[in-house]
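# Report on the structure
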Amino acid sequence: MKLDLTNAQRAVVLTQALPYIREYYNKIVVVKYGGNAMIDETLKAQVMEDIVLLQLVGVRVVLVHGGGPEISAMLKRVGKTSEFVDGLRVTDKESMEIVQMVLTGKVNKTLVNLLEMHGGKAMGISGIDGHMIDAVPKDERLGFVGRITDINVEPILDLLDHGYIPVISTVGCDGSGNAYNINADTAASRIAAGLGAECLIAMTDICGILRDRNDPDSLIDRVTVSEATELFRTGVIADGMVPKVDCCVEAVLGGVKKVFIMDGRIPHSILIEMLTDEGAGTMVTGDDYDENEGA
């Protein structure tokens with residue numbers, strides 16, 4: 001939808017974004033990309049535009065992506081049925097070859113291409129490159145699904161220092177050369193912590209943490225780690241939100257200043273969350289977070 005703004009209104013919008021741009025200038029921001037924003041072509045283009053804009057105003061953006069729907073589609077094409085245990089895809093050796101091909105090939109390079117089409121400078125890598133994500137089997141029932149044992153952020157920092165947006169596919173490896181499928185939320189959390197990121201943006205298909213999951217108007221704008229623990233205990237955070245919020249809490253405990261659980265279905269939700277007062281989801285912080293710090 002095109003908005004007809006006067007030049008004066010455009011100037012006001014840009015001026016209001018200035019303190020936020022100052023806050024994030026030269027800071028690392030990790031974006032975990034997935035959900036409908038990754039499937040819908042219009043939303044995908046808007047996410048890439050947001051990321052390029054952030055890079056152009058001096059934010060050091062790292063994009064971490066999964067690719068579940070694309071993996072499922074390819075497995076179906078070769079006649080393999082996707083099976084899940086506790087929300088994680090059972091991945092035998094043949095399936096792992098397909099996962100690696102789809103994530104590090106088709107999905108990763110498509111995102112790199114889109115970023116560069118929108119004026120960005122991007123480089124695609126996987127967790128195997130430079131042993132960025134070391135892993136071991138998470139559960140024998142899951143096959144080649146990995147549990148992260150170590151994160152090496154040097155390849156990411158090298159790309160950032162050379163002006164690139166690192167685009168990371170979440171495939172890890174062990175010392176014997178075995179590749180593993182890594183949960184993208186977990187990988188993004190560990191990478192953000194390893195980088196000492198200013199913030200992590202976790203894009204989802206819901207508007208954030210809801211006090212009443214059946215009421216979109218019950219959105220919790222901000223929650224601390226202690227408050228999140230209580231929401232777990234009382235069942236407010238339940239089902240599929242549990243692992244997502246767990247990853248957010250882990251990132252904060254690992255040193256990330258703030259994590260945004262954000263509705264990726266909202267056009268330009270990254271810019272709304274980062275550069276306006278309105279916000280587009282739930283912010284998770286440490287108990288001692290000072291919202292005026294760095295402002």
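Up top is the structure these notes are about.
Residues numbered from 1 in each chain as written. Predicted model: local features only at pLDDT ≥ 70, side-chain atom pairs only at ≥ 80, totals over all residues. Heavy atoms only, no water.

## Regarding the side chain of Asp263
Turning to its location among the elements, Asp263 is positioned in strand β13 (residues 258–263). Asp263 gets classed as buried once you look at its relative accessible area, which sits at 6%. In this structure, Asp263 is in contact with Thr204, Asp205, Ile206, Cys207, Ser269 and Ala280, ignoring residues within four places of it in sequence. (Helix = DSSP H or I, 4+ residues; strand = E, 2+ residues; numbered from the N terminus. Buried < 20%, exposed > 50% of the residue type's maximum accessible area, 1.4 Å probe, protein only. Contact = heavy atoms within 4.5 Å.)

## Re empty space enclosed by the protein
Counted by the stated rule, this structure contains three cavities of 30 Å³ or more. Quantified by volume, the largest cavity comes out at close to 60 Å³. As for the largest cavity, its lining consists of Lys32, Asp185, Ala188, Leu200, Ala202, Thr204, Lys244, Cys247, Cys248 and Ile261. Of all the secondary structure elements, the ones that give two or more residues to the lining of the largest cavity are α7 (184–195), β11 (199–204) and α9 (241–253). (1 Å grid on protein atoms, 1.4 Å probe; cavity = no way out; pocket = protein on both sides within 12 Å on 5 of 7 lines; lining within 4 Å. Points joined across faces, edges and corners; volume = space filled by probe spheres on them.)

## Focus on the layout of surface pockets
Quantified by volume, the largest pocket comes out at close to 1200 Å³. Considering the residues around the largest pocket, the lining is formed by 47 residues, among which Gly87, Leu88, Asn183, Asp185 and Lys244 are closest to the centre. Of all elements in the fold, only β1 (28–33), α4 (68–77), β4 (88–89), β7 (146–151), α7, β11 and α9 reach the threshold of two or more residues within the lining of the largest pocket. The leading source of residues in the lining of the largest pocket is α9, at six residues. Residues of the lining of the largest pocket, tallied by class, amount to 21 nonpolar, 14 polar and 12 charged. (Nonpolar A, V, L, I, M, F, W, Y, C, P; charged D, E, K, R; others polar.)

## A short note on the pattern of salt bridges
Under the definition given, this model contains 12 salt bridges. Residues Asp185 and Lys32 are paired through a salt bridge, measuring 3.5 Å at the closest nitrogen-oxygen approach. Taken together, the residues span a long stretch of sequence, with Asp185 in helix α7 and Lys32 in strand β1 at a distance of 153 residues. Note on accessibility: Asp185 and Lys32 belong to one class, buried. The salt bridge involving Glu94 is made with Lys80; its shortest N-O contact spans 3.5 Å. One end of the pair, Glu94, is in helix α5 (residues 93–117); the other, Lys80, is in the loop between α4 and β3 (84–85), with 14 residues separating them in the sequence. (Salt bridge = Lys/Arg side-chain N within 4 Å of Asp/Glu carboxyl O.)

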